[in-house]
Amino acid sequence: MRYNEWRVSYGLLQNINGAIAGGGVSKSLSNVRKSSTKMLSVIREKERPLPNAWYRYIGCRKFSMLLLIAFALLVFALGSFVVNKDSTSPNVLQRIGTLGTVPYVNGGHHEASQILGEKDKKKDENRFQIPAFKGASVLPFRHPCVNFTFPPPPPPTRRRLGPRPCPVCYLPVDQAIASMPSSSSASPVLHNLTYVLNENPIKSEPHGGSDFGGYPSLKQRNDSFDIKESMAVHCGFIKGSKPGHGTGFDFDESDLAELQQFHDIIVASAIFGNYDVIQQPQNISEEAKKNIPFYMFVDEETEAFMKNRSILSSSKRVGLWRIVVVHNVPYSDARRNGKVPKLLLHRIFPNVRYSIWIDGKLQLVVDPYQVLERFLWRQNANFAISRHYRRFDVFVEAEANKAAGKYDNSSIDEQVDFYKIEGLTPYSEAKLPITSDVPEGCVLIKEHIPITNLFTCLWFNEVDCFTSRDQLSFAIVRDKIMTKVDWSINMFLDCERRNFVIQSYHRDLLEKMPPPVPAVVRRPPALPNTRGKTPGKRIPRRGRDRRSGSSRHRKAAASNRDRNFF
């Protein structure tokens, strides 16, 4: 029943009921007729069709669709305005800045999460402002990775129980190149850094040191942490006129001239003691191949092995890597020799703006421009390193090194006890927003400015004086500098590091591994061929055929026939 009909019926019933209640049935019926006639005439007048012009436009499906499209566009425009307004709020910028420090289950282990205090919120909002893009197609306030979040971690399996890579949002290469800062970052307090030279270094105190790094006294060591505008510190290459020439870590003249060239970005690695197998970078853009040199430092032992295997020719190139041979290595320990280019790249390359260091066992699989944009430029940082996937306390790391036989136990104890006296404490929540005291130091991403150069110099001095386990000395140097100046390090998740480098085994482990066993394809047993045989007629067997036709084989054949039947 339509609404008008339902309304008329309801009115008629009301009039009839009123008449019955009043006692005048005949009179009321006439009144009902008049009122009903009047109501029906009004209804007919209202239901009279509209003029033809209006009916033609309103009834047209095309006109209705145009109205719906216009309404949808209006709603979309209003929604976009609200989203853009919300995305530029300080809270969203703060979430963007702390994106790399959200909790993530990394191979079954929870990463420590960064909790920002109220007094640090304003500072971090300024620190994590999204950089403007020069020549990029996106708006400055709308970073393409602004809505990126970590997906839930994959469940652990029996085949892979260790740490895993996690997704990372990289910009396209052209946009990453466009986001490179046009000028160097400001170095807080320290503006002029020079290095100590001494042709005849003499050990005057009982703690460590070397002829290559010098023998700084405890007073000189303590003074090096007193940050001033101009400083002179020990930083390797203590002898000789310049790094690589008569210093104990020497290069050929042709290589020395190459290392003095200016570059915006370099990628560097090293293999000493023939310890690793050289890994070729993958997914490198043509722009990076053209503008970013890749340097691999090797000692004479590794060079001889590569020549014997015809890996290295007179061109001194192996794929993308430019091989630089080091003569007169300063240490008998190959791993300690590897700390020289790792921590002192700014001394070997005095005219470079940015560097990416990867250990010799790693393979770079993401373009260097994208790596720098993600971990330095986007974060407004000038030094980045991943934290350890499991341990974040120096004392726990020291015990793990002792248990694994990484170094002499007494030397590790001596180093940790010395740091205890200097005030190093176990990691706790009181150190937040610092999330870890233990790095995974196989990748260093650095802008070469005075404050970062000082940090790696002092870090190298600790490695030179104590054990070569740089994870143990990282926190003490970082904390001492941070107490003096407003400077911090971007310690990103280890699963993010595993996204852009693939880790391989050292050469000695690869040589001890047995060759891969070829896969054995097991085929099901063939069914007996009964084609051409008379059903029910038994064929006599002789010799071995008689023995092979045992009851067990007959049962197996019968079961196969039954299975095929079903």
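Every value quoted in this text rests on a predicted model; they were computed, and no experiment measured them. Every chain is numbered independently, its residues counted from 1 as its sequence is written. Residues qualify for local features only when their pLDDT is at least 70, as the model is predicted, and side-chain atom pairs are given and counted only at 80 or more; totals for whole chains, interfaces and linings, by contrast, use all residues. Side-chain numbers here rest on the full set of heavy atoms in the structure, without hydrogens or water.

S.K.: When you look at the overall build of the protein chain in this model, what are you seeing that I'm missing?
M.R.: A run of H or I in DSSP counts as a helix once it spans at least four residues, and a run of E counts as a strand once it spans at least two, with each numbered from the N terminus. Counting secondary structure elements, the protein chain contains 22 helices and 14 strands. Scored against the burial criterion, the 566 residues of the protein chain give a buried share of 44%. Contacts were defined at the residue level, with two residues in contact if any of their heavy atoms lie within 4.5 Å. Across the protein chain, contacts joining residues at least 24 apart in sequence account for 81% of those joining residues at least 6 apart. Just so you have it, the protein chain exposes about 32,300 Å², and 56% of that area is on carbon and sulfur atoms. Accessibility here uses a 1.4 Å probe with only protein chains present; expressed as a share of the type maximum, an area under 20% marks a residue as buried, one over 50% as exposed, and anything in between as partly exposed. Only the protein chains shown count as cover for residues, with accessible areas throughout obtained via the Shrake-Rupley method and a probe of 1.4 Å.

S.K.: I keep staring at unusual backbone geometry and nothing clicks. Help me out?
M.R.: As a rule of thumb, non-glycine residues mostly have phi less than zero, and peptide bonds are mostly trans rather than cis. Of note, the amide linkage connecting Leu432 to Pro433 takes the cis form, showing an omega dihedral of 15°. One can find Pro433 in the loop between α16 (409-421) and β12 (439-447). Of note, the phi angle at Asn274 is positive, near 50°, even though the residue is not glycine. In this fold, Asn274 is placed in the loop between β5 (263-271) and α10 (286-291). Classification of Asn274 as buried rests on a relative accessible area of 14%. You will see that Ser310, though not glycine, has its phi angle at about 60°, which is positive. Along the chain, Ser310 falls in the loop between α11 (300-308) and β7 (317-318).

S.K.: When you look at the sheet that holds strand β6 (residues 294-299) in this model, what are you seeing that I'm missing?
M.R.: DSSP calls a pair of strands paired once it identifies at least 2 bridges connecting them. Judged by pairing direction, the sheet is mixed, and its eight strands sit side by side in the order β7-β8-β6-β5-β9-β12-β11-β13 without closing on themselves. What marks the edges here is a single partner per strand, and that holds for β7 and β13 (490-492). Sheet topology note: the strand β11 (residues 383-387)/β12 ladder contains four bridges and is antiparallel. The partner of Phe383 across the bridge, within β12, is Lys446. Sheet strands in contact with helix α17 (residues 450-465) are β11 and β12, and its direction is about 145° off that of β12. In this analysis, axes come from line fits to C-alpha atoms, helices being fitted only over the stretch in contact, and the angle between any two N-to-C directions falls in the range 0 to 180 degrees.

S.K.: Please explain the pairing of β12 as it appears in this structure.
M.R.: For a regular strand, side-chain orientation follows a simple rule: the groups alternate between the two sheet faces. Within β12, nine of the nine residues are buried, which leaves the element mostly enclosed by the surrounding structure. Note that strand β9 (residues 352-358) and β12 share five bridges and pair antiparallel. When the bridges of β12 are listed, Trp357 appears paired with Leu444.

S.K.: Would you explain the nonpolar core in this entry?
M.R.: One broad rule of soluble globular proteins: the nonpolar side chains tend to lie buried together. Counting 62 residues, the largest nonpolar core has Phe249, Phe251, Phe297, Phe349, Leu454, Phe455 and Ile481 as the members making the most contacts within it. Of the residues forming this core, the biggest block, nine residues, is contributed by α17. Put simply, buried Ala, Val, Leu, Ile, Met, Phe, Trp, Tyr and Cys residues joined by side-chain atoms within 4.5 Å make one nonpolar core. Counting 42 residues, the second largest nonpolar core, distinct from the first, contains Val168, Val267, Phe294 and Leu376.

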